[in-house]
Amino acid sequence: MVNLRNDYSEGVHPLILEALIKSTYEQNFGYGLDSHCQNATELFKQLTENDAIDVHFFSGGTAVNKTVISYALRPWEAVICADTGHINVHETGAIEALGHKVLTAPNEDGKLTPAGIEKVLREHSTEHMVLPAMVYISNSTELGSIYTKKELIALHELCHKYNLYLYLDGARLSNAMASPFNDITFKDLATYTDIFYFGGTKNGAMGAEACIIVNPHLKRDFRFAMKQNGLLAAKGFILGIQFETLCTDNLYLELASHANQMAARLSEFIGNYDYQFLTATVTNQLFPILPNEMANKLAKEVDFEVWGTYDENHTVIRLVTSWATTNEQVEAFKEVFIKIEGEK
Ligand SMILES: Cc1ncc(COP(=O)(O)O)c(C=O)c1O
């Protein structure tokens, strides 16, 4: 079976594991007040060229989303995201369970647009409705696409105009940053968003996400919110060590570039058979639209996620590559694909 199901199937990148092993007999301060978390914070300050950011470490993405959104919003406030947004479709209603409505706008290529946000704002204009107070986007998006700097600035300006926080979920931020089509820098992220997170879990970490707070209004007592949610890790240094390693010598970029390149190869190969894709492949996720029979046969030899029905005769599948995807796996996929095509 060729496994292209997701980018968190494999364990920990050896360099991260080595750093964890090296530190195992150290005695660190608890709850993220250790030197590793401090070093990682310094590295993020260098990356963003911003000394004023606060950095907090988590072990999972839903945990960051829940903490950030519930921290930033008052009880009657809501968050706007694309209909495909992760908090809308893949977090088991975690945000709604906290009492905050998730308001959606139709996605364009997986992305939220200023026009979509403005429509939601027009529809929520009185105190008889929830009050939109935050915009949530992810980069890369749920469909593997990425925002351009121009799009990010447009969202920033709109949020500024309507007094909305702009929050960027970066579970796959490294893949976005490593994309050959990316023109956003970390400095831009710390300029045009209020808060964002940099994901490690899907890029070789054991389970680590770094939440970076830019807007001073979102900094006060943030650790209290983490602790009350049970998310202030006693052994926080384990998270700090992982980001120290990922941010040293651009390891995060190297790993994400590898994953993206593997995806590009698969995409080119499938595209040569004239199959269409739900979105262009620019990061490590690809969404080919295959005849149902082809998708069914492929599923017998390749592990992937069925994304959905395209039409009566076609299925959208999702293939995901990772920092650990090998050339052999890509070639094995091709062989299976060629074999099934030959059976037509
Ligand atoms: C964009 C995005 N945000 C958040 C998450 C949630 O992360 P976790 O499964 O670590 O809670 C994911 C995981 O798939 C994701 O892709």
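Bear in mind the structure is a predicted one, so any value in this text is a computation, not a measurement. Residue numbers restart at each chain and count upward from 1, following the sequence in its written direction. The predicted origin of the model limits local features to residues at a pLDDT of at least 70 and limits the giving and counting of side-chain atom pairs to 80 or more, whereas totals for whole chains, interfaces and linings rest on all residues. Side-chain metrics rest on all non-hydrogen atoms present in the structure, leaving aside hydrogens and water.

Colleague: It is not clear to me how a nonpolar patch on the surface should be interpreted in this structure. Could you clarify?
Modeller: To count toward a patch, a residue needs a relative accessible area above 30% and no salt bridge. Like charges then connect within 9 Å, nonpolar side chains (Val, Leu, Ile, Met, Phe, Trp, Tyr) within 5 Å. Surface accessibility in these figures is a Shrake-Rupley result with a 1.4 Å probe; residues are shielded only by whichever protein chains are displayed. Salt-bridge detection follows one rule: a side-chain nitrogen of Lys or Arg within 4 Å of a carboxyl oxygen of Asp or Glu. Together, Leu17, Ile21 and Met206 give the surface a local cluster of nonpolar side chains, amounting to about 300 Å² of exposed area. Inspection of the secondary structure assignment puts Met206 in the loop between β7 (195-199) and β8 (209-213). Buried, partly exposed and exposed residues are distinguished by accessible area as a fraction of the type maximum, computed with a 1.4 Å probe on protein chains only: under 20%, between the cut-offs, and over 50%, respectively. Assessed through its relative accessible area of 48%, Met206 is described here as partly exposed. In this description a helix means any DSSP run of H or I spanning at least four residues, a strand means any run of E spanning at least two, and both kinds are numbered starting from the N terminus.

Colleague: How do you make sense of the pairing of strand β6 (residues 165-169) when you look at a structure like this?
Modeller: It is a general feature of regular strands that their side chains alternate between the two faces of the sheet. Counted residue by residue, β6 has five buried out of five residues, so it is predominantly covered. Whether two strands pair depends on DSSP finding at least two bridges between them. In terms of strand pairing, strand β5 (residues 131-138) meets β6 through five bridges, oriented parallel. When the bridges of β6 are listed, Met134 appears paired with Tyr165. Handedness of a crossover: with both strands directed away from the viewer, a clockwise path from the first strand across the helix to the second marks it as right-handed. Following the chain from β5 across helix α7 (residues 149-162) to the adjacent parallel β6, one finds a crossover that is right-handed. Across two bridges, β6 lies against β7 in parallel orientation. Residue pairing across strands places Tyr167 opposite Ile195, the latter belonging to β7.

Colleague: Sorry, what's going on with the packing of aromatic side chains here?
Modeller: Each aromatic ring pair is described using two quantities: the centre-to-centre distance and the angle formed by the ring planes. For Phe, Tyr and Trp, rings pair up if their centres lie within 6.5 Å, where Trp contributes its six-membered ring, and each pair is then called stacked (planes under 30 degrees apart), edge-to-face (over 60) or tilted (otherwise). Throughout the structure, instances matching the rule amount to 16 aromatic pairs. Ring centres of Phe44 and Phe198 lie 5.3 Å apart, and the angle between their planes is 70°; this geometry places the pair in the edge-to-face category. Within this pair, whereas Phe44 is found in helix α2 (residues 35-48), its partner Phe198 is found in strand β7, the two being separated by 154 residues in sequence. The burial state of Phe44 is the same as that of Phe198; both residues are buried. Among the aromatic side chains, those forming a connected cluster through ring pairs are Phe44, Phe57, Phe186, Phe198, Phe243 and Tyr252. A positively charged side chain is recorded as over a ring if its NZ (Lys) or CZ (Arg) lies within 6 Å of the ring centre. The angle to the ring normal must also be within 35 degrees. Note that Lys111 overlies the ring of Tyr147, its terminal NZ or CZ placed 5.8 Å from the centroid.

Colleague: When you look at the packing of helix α6 (residues 114-123) against α7 in this model, what are you seeing that I'm missing?
Modeller: When two helices pack together, you describe them by how their axes are tilted relative to each other and by the distance separating the axes. Structural elements are reduced to axes, namely lines fitted to C-alpha atoms, with helices fitted over the stretch in contact, and the angle between N-to-C directions of any two is expressed from 0 to 180 degrees. Two elements in contact, α6 and α7, have axes separated by 10 Å at closest approach and are oriented at 20°. The orientation of α6 with respect to α7, classified from their angle, is roughly parallel. For the pair α6 and α7, the crossing hand works out as right-handed. Here Pro114, Ile117, Glu118 and Leu121 of α6 lie close against α7, whose contacting residues are Ala154, Leu155, Leu158, Lys161 and Tyr162. Convention used here: angles under 35 degrees read as roughly parallel, angles over 145 as roughly antiparallel, angles from 65 to 115 as roughly perpendicular, and any remaining angle as oblique. Working rule for handedness: look at the near helix, and if it is turned counterclockwise from the far one by less than a right angle, call the crossing left-handed; if clockwise, right-handed. Any two residues whose heavy atoms approach within 4.5 Å at even a single point are treated as in contact.

Colleague: How should I be thinking about the side chain of Asp34 in this particular structure?
Modeller: Its place among the elements puts Asp34 in the loop between α1 (14-22) and α2. Setting aside anything within four residues of it in sequence, one finds Asp34 in contact with Asn28, Phe29, Gly236 and Phe237.

Colleague: How should the site of the ligand be read in this particular structure?
Modeller: Lining the immediate surroundings of the ligand are Gly60, Gly61, Thr62, Asn65, His86, Glu91, Glu142, Asp169, Ala171, Arg172, Tyr197 and Lys202. Counted as a polar contact is a pair of N or O atoms within 3.5 Å, where, for protein atoms, one must be capable of donating a hydrogen and the other of accepting one, and residues adjacent in sequence contribute only when both atoms are in side chains. Within the backbone of Gly61, one N or O atom sits 2.9 Å away from an oxygen atom of the ligand. At 3.1 Å from an oxygen atom of the ligand is found a side-chain nitrogen or oxygen belonging to Lys202. When the free accessible area of the ligand is taken as 390 Å², the share hidden by the protein chains comes to 78%. It is helix α3 (residues 61-72) that contributes the most residues to the shell around the ligand, three residues altogether. Its residues assigned to classes, the shell around the ligand comprises two nonpolar, five polar and five charged. Here, proximity means that at least one heavy atom of the residue falls within 4 Å of the molecule or strand. In the scheme used here, Gly and all other residues not listed as nonpolar or charged are polar, with Ala, Val, Leu, Ile, Met, Phe, Trp, Tyr, Cys and Pro taken as nonpolar and Asp, Glu, Lys and Arg as charged.

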